[in-house]
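Read off the chains here:
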Amino acid sequence: MSAPSTTRTFKIAAIPADGVGAEVVAAGRTVLDAMAAASDGAFAFDWTEFPWGCEYYTRTGRMMAEDGLDALQDFDAIYFGAVGWPSVPDHISLWGLRLKICQNFDQWANIRPVHFHPGITSPLRVADDTELDWVVVRENSEGEYAGLGGRNLSGRGAGNEVALQTALFTEHGCERIIRFAFDLARGRSRKKVSSVTKSNAQQYGMVLWDETFDRVARDYPDVETESVLVDAMAAKFVLKPADLSVVVASNLNADILSDLGSALAGSLGLAASANLNPDRRFPSMFEPVHGSAPDIAGRGLANPAGAIGSAALMLDHFGLHAEATRLNAAIEATAAAGVLTPDVGGTAETGEVTDSVLDHLSR
C-alpha cells in the first residue's frame, strides 16, 4: 500500500565518511527508517548516500566532489558519520569535508547536549545521586576556527618559518550565537546561560564577546547569567556540574568543553550534536561527536548512541518533537537495561545496541 499524500518525506544526505562512521550512520538510518515505517505514513525518509571521506581523497585528491556543496544544497538535512584516517593529515580531512560543509552552509550554531544516562558509570561521584544535564552551545562559524592565517618565510631555512592563525570575532557572530543560547535557556527548567571566554588574556575578540553577552543579557531579564573564564569553567564541569544549564562559548573553547562533558558522562560515544543553520537557508548537519576510531573500525564495537541521539536532534529540527522524545527515551532505556558497548563498560556490539533501541521504541 502506498503512503498517503500527506506523508512528509524528508530528503537526507548520508555521509558516513571514515572508520566507524559507516557503522553508526547505518545504525541511525535503521532506527529512523523503523520509526518512519511505524508512523502510519506520517513521515518518511528519502536517503542519498555520498562516498566522500579519506578513501575518496586517496582516489581523487579531494575529500568531497568538486560540486559537492551544490549536490547537498537541496537536501533537508545531512546525516554525517566521522571524518579522519591515519593516511590523510587531519587538517586536510577536516577542512576538506566537515568544516567545508559547516562554513559554506553557515551552520553557525553547534548544539552538543551533555546527558548522563542511567546504567552508565560516570567518573564524577556526584553523578551517582544528582541529576546532571546541560547543553554546550558552540559558535560554529568563526572564532578560532575561522581558517584565517598562513605560513610564510620558509625560504629563510629550517627553523625560521612563521605561521599565523588568526581568530575572528564579529559582533554579529557573537550576538547571534549568544541570543540562540538565551532562547534555548528559556525552554529549560533551569533558565541560566553561562558564557565562557578567556578575555583576561585575549583582550580583543573575547572582550568583544563579553561586551556583547552583557548587552544581549539585558534583553533576557528572566534568565540567570554568569561569565566564566574557560579554565575556571573546565574546573566547574568537574566540581560543580549541577550548576550548569546552557554553556555558550567560542568555536575552540566549546569544542574542548563539550568533549570534556561527554567524557564526564561516560564516553564520547554517547555524545550527539547538531550543526544548525537556524535561518534554514541551507541544510543543517547532524553527527555524533566521536571520531572515526580506526582502532575499532569494522569490528562492530562502535557505540551508536551518539549517532542515534543525533538522529533525535534531526527529528526535533523537523518539528517531530514527540518522536525525538521517544527516541531519546529508547536510548536511555537501552542504557538502563545494560546493553552497552565496550567504551562504557559493556560487551554489546553496535547491532545489539541498535536492536535494543528498536525494541524499546516498539513497546
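How each quantity is defined
Residues numbered from 1 in each chain as written. Predicted model: local features only at pLDDT ≥ 70, side-chain atom pairs only at ≥ 80, totals over all residues. Heavy atoms only, no water. Buried < 20%, exposed > 50% of the residue type's maximum accessible area, 1.4 Å probe, protein only. Helix = DSSP H or I, 4+ residues; strand = E, 2+ residues; numbered from the N terminus. Pairing = 2+ DSSP bridges. Expected span 1.5 Å × (residues − 1). Contact = heavy atoms within 4.5 Å. Axes fitted to C-alpha atoms, helices over the stretch in contact; angles between N-to-C directions. 1 Å grid on protein atoms, 1.4 Å probe; cavity = no way out; pocket = protein on both sides within 12 Å on 5 of 7 lines; lining within 4 Å. Points joined across faces, edges and corners; volume = space filled by probe spheres on them. Nonpolar A, V, L, I, M, F, W, Y, C, P; charged D, E, K, R; others polar. Bend = angle between axes of the 7 residues up to and from the residue.

Enquirer: Tell me about the pairing of strand 4 (residues 109-115), residues and numbers included.
Expert: Buried residues dominate strand 4, accounting for five of its seven residues. As paired elements, strand 4 and strand 5 (residues 133-139) share seven bridges and run antiparallel to each other. For asparagine 110, the partnering residue across the bridge sits in strand 5 and is arginine 138.

Enquirer: Account for helix 5 (residues 171-186), naming residues and giving values.
Expert: Between the first and last C-alpha of helix 5 there are 22 Å, a value that for 16 residues agrees with the 22 Å anticipated at 1.5 Å per step. Burial in helix 5 covers these residues: Gly173, Cys174, Arg176, Ile177, Ile178, Ala181, Phe182 and Ala185. Looking at the buried positions of helix 5, the neighbouring elements they touch are strand 4, strand 5, strand 8 (192-197), helix 6 (205-217), strand 9 (224-229) and strand 10 (246-249).

Enquirer: I'd like a description of the sheet that holds strand 8, backed by residues and values.
Expert: Across the sheet, which stays open at both edges, the ten strands sit in the order 2-1-3-12-11-4-5-10-8-9 with mixed pairing between neighbours. Unpaired on one side and paired on the other, strand 2 (43-49) and strand 9 mark the two borders of the sheet. Taken over all neighbouring pairs, the strand axes of this sheet differ in orientation by 25° on average, direction set aside. Across three bridges, strand 3 (residues 77-82) lies against strand 12 (residues 284-288) in parallel orientation. When the bridges of strand 12 are listed, alanine 77 appears paired with serine 284. Taken strand by strand, helix 5 contacts strand 4, strand 5, strand 8, strand 9, strand 10 and strand 11 (272-276), and its axis lies near 160° from that of strand 5.

Enquirer: Before we move on, can you summarise the side chain of threonine 350 with the specific residues and values?
Expert: As for its position among the elements, threonine 350 is in helix 11 (residues 350-361). By relative accessible area, which is 7% here, threonine 350 ends up buried. Those residues in contact with threonine 350, other than ones at most four positions away along the chain, are Glu23, Ala27, Gly300, Leu301, Ala302, Pro304 and Thr341.

Enquirer: Pulling in residues and values, what's your account of the layout of surface pockets?
Expert: Considering only enclosed or pocket space, the largest pocket measures out at about 960 Å³ in volume. In terms of lining residues, the largest pocket is bounded by 37 residues, among which Ile111, Pro113, Leu313, Asp316 and Asn328 are the most central. Among the secondary structure elements, those contributing two or more residues to the lining of the largest pocket are strand 4, strand 5, helix 5, helix 8 (251-265), strand 11, helix 9 (305-317) and helix 10 (321-336). Counted by class, the lining of the largest pocket contains 21 nonpolar, ten polar and six charged residues. In terms of lining, the second largest pocket is formed by 31 residues, of which the most central are Asp90, Leu94, Leu99, Tyr145 and Asp255. Mapped by element, the contributors of at least two residues to the lining of the second largest pocket are strand 3, helix 4 (90-104), strand 6 (143-152), strand 7 (162-168), helix 8 and strand 12. Looking at the lining of the second largest pocket residue by residue, the class counts come to 13 nonpolar, nine polar and nine charged.

Enquirer: Could you give me a rundown of helix 4, with the residues and numbers involved?
Expert: Given a rise of 1.5 Å per residue, 15 residues ought to cover 21 Å, and the 19 Å separating the end C-alpha atoms of helix 4 matches this to within 8%. The sharpest bend along helix 4 comes to roughly 40°, located at arginine 98. If you check which residues of helix 4 are buried, you get Ser93, Gly96, Leu97, Arg98, Leu99, Ile101 and Cys102. Among the residues trailing helix 4, aspartate 106 stands out with phi positive, at a value near 45°.

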